[in-house]
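# Residue-level structure breakdown
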Amino acid sequence: LDIMMPVMDGYEVMAKLPEEVKERMPVIMLTAKASDDDVMDGYKKGADYYIVKPFDNVTLVNAILYLLKEVPEEDIIDSEAKL
């Protein structure tokens, strides 16, 4: 989710998700809001992972793999890897 979206921001989307969805689906905030306060706000409001734009594909793939627990932490893709 992005925090800054036209009709409904990412926080509003998270707030509208049913509890059973929140329990099963991790939320990644992908946003240009980069201050320490913005990041802390994201986690406080329910984000499971927070990525600041601009980002690279490796960062996003690693976040997804980590949250879905598909690979052990030590096997996360090296940031130099090409996707």
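Structure: above.
In this text, all values refer to a predicted model and were calculated from it rather than measured experimentally. For every chain, the first residue of its written sequence is number 1, and the numbers climb from 1 along that sequence. Only residues with pLDDT of 70 or above have their local features reported here, since the model is predicted, and side-chain atom pairs are shown and tallied only from 80 upward, although totals for entire chains, interfaces and linings are computed over all residues. In computing side-chain properties, one takes all heavy atoms of the structure into account and sets aside hydrogens as well as water.

What counts as a ring pair is set by centres within 6.5 Å for rings of Phe, Tyr and Trp (its six-membered ring), and what kind of pair is set by the plane angle: stacked under 30 degrees, edge-to-face over 60, tilted for all other angles. Tallied over the full model, the rule gives two aromatic pairs. Seen from their ring centres, Y43 and Y50 are 6.3 Å apart, and the 45 degrees between their planes marks the pair as tilted. In this scheme, a residue with accessible area under 20% of its type's maximum is buried, one over 50% is exposed, and one in between is partly exposed, where area comes from a 1.4 Å probe on protein chains only. Residue Y50 is classed as buried on the basis of its relative accessible area, which comes to 9%. Two thresholds decide whether a charge sits over a ring: the Lys NZ or Arg CZ must be within 6 Å of the ring centre and within 35 degrees of the ring normal. Stacked on the ring of Y11, the Lys or Arg K45 has its end atom at 4.3 Å from the ring centre. Above the plane of the ring of Y66 lies K69, whose end atom (NZ or CZ) is 5.9 Å from the centre.

General note: in soluble globular proteins, nonpolar side chains tend to be found buried as a group. Put simply, buried Ala, Val, Leu, Ile, Met, Phe, Trp, Tyr and Cys residues joined by side-chain atoms within 4.5 Å make one nonpolar core. By size, the foremost hydrophobic cluster in this structure holds eight residues: I3, Y11, M14, L17, V27, M29, A47 and Y50. The criterion used for residue contact is that any of the two residues' heavy atoms lie within 4.5 Å. Once residues within four sequence positions are removed from consideration, Y50 is found in contact with I3, M29, T31, K33, D38, V39, G42 and Y43. Residues I28, L30, I51 and A63 belong to the second largest nonpolar core, which totals five residues.

Here we take up unusual backbone geometry. The omega angle of the peptide bond from K53 to P54 is -10 degrees, so this bond is cis rather than trans. Inspection of the secondary structure puts P54 in the loop between β2 (49-52) and α4 (57-68). Working definition: helices are DSSP H or I runs of at least four residues, strands are E runs of at least two. Numbering for both runs from the N terminus.

Let us now look at α4. Note: α-helices contain 3.6 residues per turn, so residues at a spacing of three or four share the same orientation. Over its twelve residues, α4 runs 16 Å from end to end, which matches the ideal 16 Å to within 8%, given 1.5 Å per residue. Burial in α4 covers these residues: V58, N62, A63 and L67. Axial view of α4: buried residues confined to an arc of 155 degrees, hence all on one face. Between N or O atoms, a polar contact is any pair within 3.5 Å; within protein, one atom must be a potential hydrogen donor and the other a potential acceptor, and residues adjacent in sequence are included only when both atoms are from side chains. Looking at where α4 begins, the residue whose side-chain oxygen comes 3.2 Å from the main-chain nitrogen of V58 is D56. Two residues or fewer after α4 comes K69, characterised by a positive phi angle close to 55 degrees. The span you would expect from a helix comes to 1.5 Å times its residue count less one. Our arc is simply the arc of the directions from the helix axis toward the C-beta atoms.

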